[in-house]
Amino acid sequence: MTYTFLQQYWWFLVSLLGALLVMLMFVQGINSMIFHLGKTAGERRLLINSSGRKWEFTFTTLVTFGGAFFASFPLFYSTSFGGAYWLWMIILFTFVLQAVSYEFQNKLGNILGPRGFQIFLTVNGILGPVLLGGAVATFFNGSNFIVEKANITNSMQPVISAWANGSHGLDALLDIWNVLFGIAVLFLVRILGGLYIINNVKDDILESRASVQLVGNTIVFLLFFLPCLVHILIKDGYAYDPVSGVVSMEEYKYFHNLTDMWYLLVLLLIGVVLLLYGIGKTVWGKTYTKGIWPAGIGTVMVVLVLFLIAGWNNTAYYPSNVDIQYSLTIANSCSSLFTLRTMAIVSLLIPFVLAYIVYAWRAIDSKKIDKEEIAEGEAY
């Protein structure tokens, strides 16, 4: 395993975790629609208990995604998480708010009442996807940071990375393309949330409302995502010389990445087809309830491709808008050969972890959740 191979391998694993995170954010999609789908307290509790069975999968994947980035590409972690900390702190706060809201909304002594915590869940359901999507969009649109590796020798202030302004990440929301991408992610997870409700909840009224919401969410998603995708493919990208490390602008860089790595283009097209199939089959096949699976797998494929074209093929995955030579690549921001090699050995356990997740998922979803189960068993 060469150093270059390990760099590519770990970018793939981080990208896969990011793609799985987006798919699992159907939890946030459901939370964003609590008051749209649930018109009564009983219906809202049914929705919350459906998503509440899976929120820990999403939260764990988010933490694992951040941990994998820290271990394999520590310079990105220190630059983005350390510099753009206001953006990341708001994201993490909304997810902590989610965990608290699930656990305490129906506890004795709750002075806010269930509705107060349900509002918090809705806040997480909207802000979480929008801000995470905006953060990922900076992989293509750049951020305002400075990297001076020589500062490591400064005993008074050995800080390598710094943000170029006082916004510390909130400036990402001033780029319209970041915002549009974040909104596209929001409506994508709302689509997945609707599909999951249809698959997981035994309630004709909620299933009908989720099906109606599915059409509107899909239209809005396409209106936001397609312009973002076209923008990414036609914009100038950040290429780097693998020998000198010099970063330069290249026309249609991300489109070239797809054509150079044709297998990613094939994966992208298959992912789009699966996503649309899961949506279309659910909308027009009145008895079809398994749309979450083709749509979820398609989502993973599409997001995985977006991550890979951002970092593979000699591309700077975290461009600096201050000076492109500060831009981060998988070569100049990764851990040592020893660290990557050691982690690669540990990563061989991943299939066993995934097998356990599949087993636990099937055990939890062995039958559809209904109002009787909520009334008789432990429930949020």
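Below: a short report on this structure.

Calculation notes
- What you see as residue numbers is a count from 1 along each chain, following the sequence as written.
- Side-chain atom pairs in this predicted model are given and counted only at pLDDT of 80 or more, local residue features only at pLDDT of at least 70, and totals for whole chains, interfaces and linings cover all residues.
- Values reported for side chains reflect all heavy atoms of the structure, with hydrogen atoms and water molecules removed beforehand.
- In this text, helices come from DSSP runs of H or I with a minimum length of four residues, and strands from runs of E with a minimum of two, each type numbered from the N-terminal end.
- Here the radius of gyration uses the C-alpha set of atoms, whereas the globule reference equals 2.2 Å times the residue count to the power 0.38.
- Whether two residues are in contact is decided by their heavy atoms, any of which lying within 4.5 Å being enough.
- Using a 1.4 Å probe, the Shrake-Rupley method yields the accessible areas, and only the shown protein chains count as cover for residues.
- Charge counting follows a simple rule: Lys and Arg are positive, Asp and Glu are negative, and His as well as the terminal groups are ignored.
- Charge positions are represented by NZ for Lys, CZ for Arg, CG for Asp and CD for Glu.
- Accessible area is worked out with a 1.4 Å probe on protein chains only. A residue is then buried under 20% of its type maximum, exposed over 50%, and partly exposed in between.
- If DSSP finds at least two bridges between two strands, the strands pair.
- Put simply, the grid is 1 Å and covers the protein atoms alone, a cavity is a trapped set of points that fit a 1.4 Å probe, a pocket is an open set with protein on both sides within 12 Å along at least five of seven lines, and lining residues have an atom within 4 Å of a point.
- Grid points are joined across faces, edges and corners, and a volume is the space filled by probe spheres set on the points.
- Asp, Glu, Lys and Arg are counted as charged, while Ala, Val, Leu, Ile, Met, Phe, Trp, Tyr, Cys and Pro are counted as nonpolar; the rest, among them Gly, fall into the polar class.
- An expected span of 1.5 Å times one less than the residue number is assigned to each helix.
- Note on terminology: a nonpolar core comprises buried Ala, Val, Leu, Ile, Met, Phe, Trp, Tyr and Cys residues joined through side-chain atoms within 4.5 Å.
- For Phe, Tyr and Trp, rings pair up if their centres lie within 6.5 Å, where Trp contributes its six-membered ring, and each pair is then called stacked (planes under 30 degrees apart), edge-to-face (over 60) or tilted (otherwise).
- Exposure above 30% relative accessible area and the lack of any salt bridge qualify a residue for a patch; like charges then connect within 9 Å, and the nonpolar side chains Val, Leu, Ile, Met, Phe, Trp and Tyr within 5 Å.
- In what follows, salt bridge is the name for a side-chain nitrogen of Lys or Arg lying within 4 Å of a carboxyl oxygen of Asp or Glu.

1. Observations concerning the overall build of the chain
Move 1: A tally of helices and strands in the chain yields 16 helices and 4 strands.
Move 2: Taken over the C-alpha trace, the chain has a radius of gyration of 21 Å; the compact-globule value for 380 residues is 21 Å, and the two agree within 12%.
Move 3: Overall size of the chain, expressed as C-alpha extent along the three principal axes, is 65 × 45 × 40 Å.
Move 4: Counting only contacts in the chain whose residues sit at least 6 apart along the sequence, the fraction spanning at least 24 positions is 77%.
Move 5: By element, 70% of the accessible surface of the chain is carried by carbon and sulfur atoms, the whole surface being about 17,400 Å².
Move 6: Across the chain, the 21 positively charged side chains and the 21 negatively charged ones have centroids separated by 9 Å.

2. What about the environment of Leu 264?
Move 1: Positionally, Leu 264 belongs in helix H12 (residues 262-284).
Move 2: Distance in space between the C-alpha atoms of Leu 264 and Thr 58 is 25 Å, their sequence separation being 206 residues.
Move 3: Apart from residues no more than four positions distant in its own chain, Leu 264 is found in contact with Leu 258, Val 305, Leu 308, Ile 309 and Trp 312.

3. Some words on the pairing of strand S3 (residues 237-240)
For a regular strand, side chains alternate in direction, first toward one face of the sheet and then toward the other.
Move 1: Both faces of S3 are covered, namely the face carrying Gly 237 and Ala 239 and the face carrying Tyr 238 and Tyr 240.
Move 2: Where S3 meets strand S4 (residues 247-250), 4 bridges bridge the pair, whose relative direction is antiparallel. Each residue of the ladder has a partner; that of Tyr 240, found in S4, is Val 247.

4. Quick look at empty space enclosed by the protein
In this approach a probe as big as a water molecule rolls over the atoms, and the regions it shows empty are the leftover space.
Move 1: Under the defined criterion, the tally for this structure stands at 1 cavity of 30 Å³ or more.
Move 2: The computed volume of the largest cavity comes to approximately 40 Å³.
Move 3: Surrounding the largest cavity, Ala 137, Asn 141, Trp 177, Phe 181, Cys 228, His 231 and Ile 232 form its lining.
Move 4: Listed by contribution, the elements that provide at least two residues to the lining of the largest cavity are helix H8 (113-141), helix H9 (176-200) and helix H10 (204-234).
Move 5: At 3 residues, the largest contribution of residues to the lining of the largest cavity is made by H10.
Move 6: In the lining of the largest cavity, the residues fall into 5 nonpolar, 2 polar and no charged.

5. Focus on helix H7 (residues 85-104)
Move 1: End to end, H7 covers 28 Å across 20 residues, agreeing with the expected 28 Å (1.5 Å per residue, within 8%).
Move 2: Those residues of H7 lying buried are Leu 87, Trp 88, Ile 91, Thr 94, Phe 95, Leu 97, Gln 98, Ala 99, Ser 101 and Tyr 102.
Move 3: Against the buried residues of H7 lie helix H2 (26-31), helix H4 (41-52), helix H5 (55-72), helix H6 (74-83) and H8.

6. What to know about unusual backbone geometry
Move 1: Unlike most non-glycine residues, His 168 shows phi in positive territory, near 50°.
Move 2: When you line up the elements, His 168 lands in the loop between strand S2 (161-163) and H9.
Move 3: The phi torsion at Asn 314 lies on the positive side, around 55°, for a residue other than glycine.
Move 4: Here Asn 314 is to be found in the loop between helix H13 (292-311) and helix H14 (337-346).
Move 5: Owing to a relative accessible area of 29%, Asn 314 belongs among the partly exposed residues under this scheme.

7. Brief notes about the nonpolar core
Move 1: Core analysis: the largest hydrophobic core is formed by 110 residues, its most contacted members being Trp 11, Phe 69, Phe 73, Phe 139 and Tyr 317.
Move 2: Per-element accounting of this core gives the leading share, 13 residues, to H9.
Move 3: Not counting residues within four places of it along the chain, the set of residues in contact with Phe 139 comprises Trp 11, Phe 69, Phe 76, Tyr 254, Phe 307, Ala 310, Ala 316, Tyr 317, Tyr 318 and Pro 319.

8. Some details on the packing of aromatic side chains
Move 1: Under the counting rule described, the total for this entry stands at 39 aromatic pairs.
Move 2: Ring geometry for Phe 65 against Phe 307: centres 6.2 Å apart, planes inclined by 70°, an arrangement best described as edge-to-face. Taken as a pair, Phe 65 in helix H5 and Phe 307 in helix H13 lie far apart in primary sequence, 242 residues in all.
Move 3: According to the relative accessible area criterion, Phe 65 is buried, its value standing at 8%.
Move 4: Geometrically, the ring pair formed by Phe 76 and Tyr 318 is edge-to-face, given 5.0 Å between the ring centres and 80° between the ring planes. Placement of the pair is Phe 76 in helix H6 and Tyr 318 in the loop between H13 and H14, with a sequence separation of 242 residues. For the pair Phe 76 and Tyr 318, a shared accessibility class is recorded, and that class is buried.

9. Brief notes about a nonpolar patch on the surface
Move 1: On the surface, a cluster of nonpolar side chains totalling about 880 Å² of accessible area is made up of Tyr 85, Trp 86, Met 89, Ile 90, Leu 92, Ile 119, Val 123, Ile 126, Leu 127, Leu 170 and Leu 173.
Move 2: Those elements that place two or more of their residues in the nonpolar patch are H7 and H8.
Move 3: No other element matches H7, which puts 5 residues into the nonpolar patch.
Move 4: Accessibility expressed as a relative area gives 35% for Leu 170, which makes it partly exposed.

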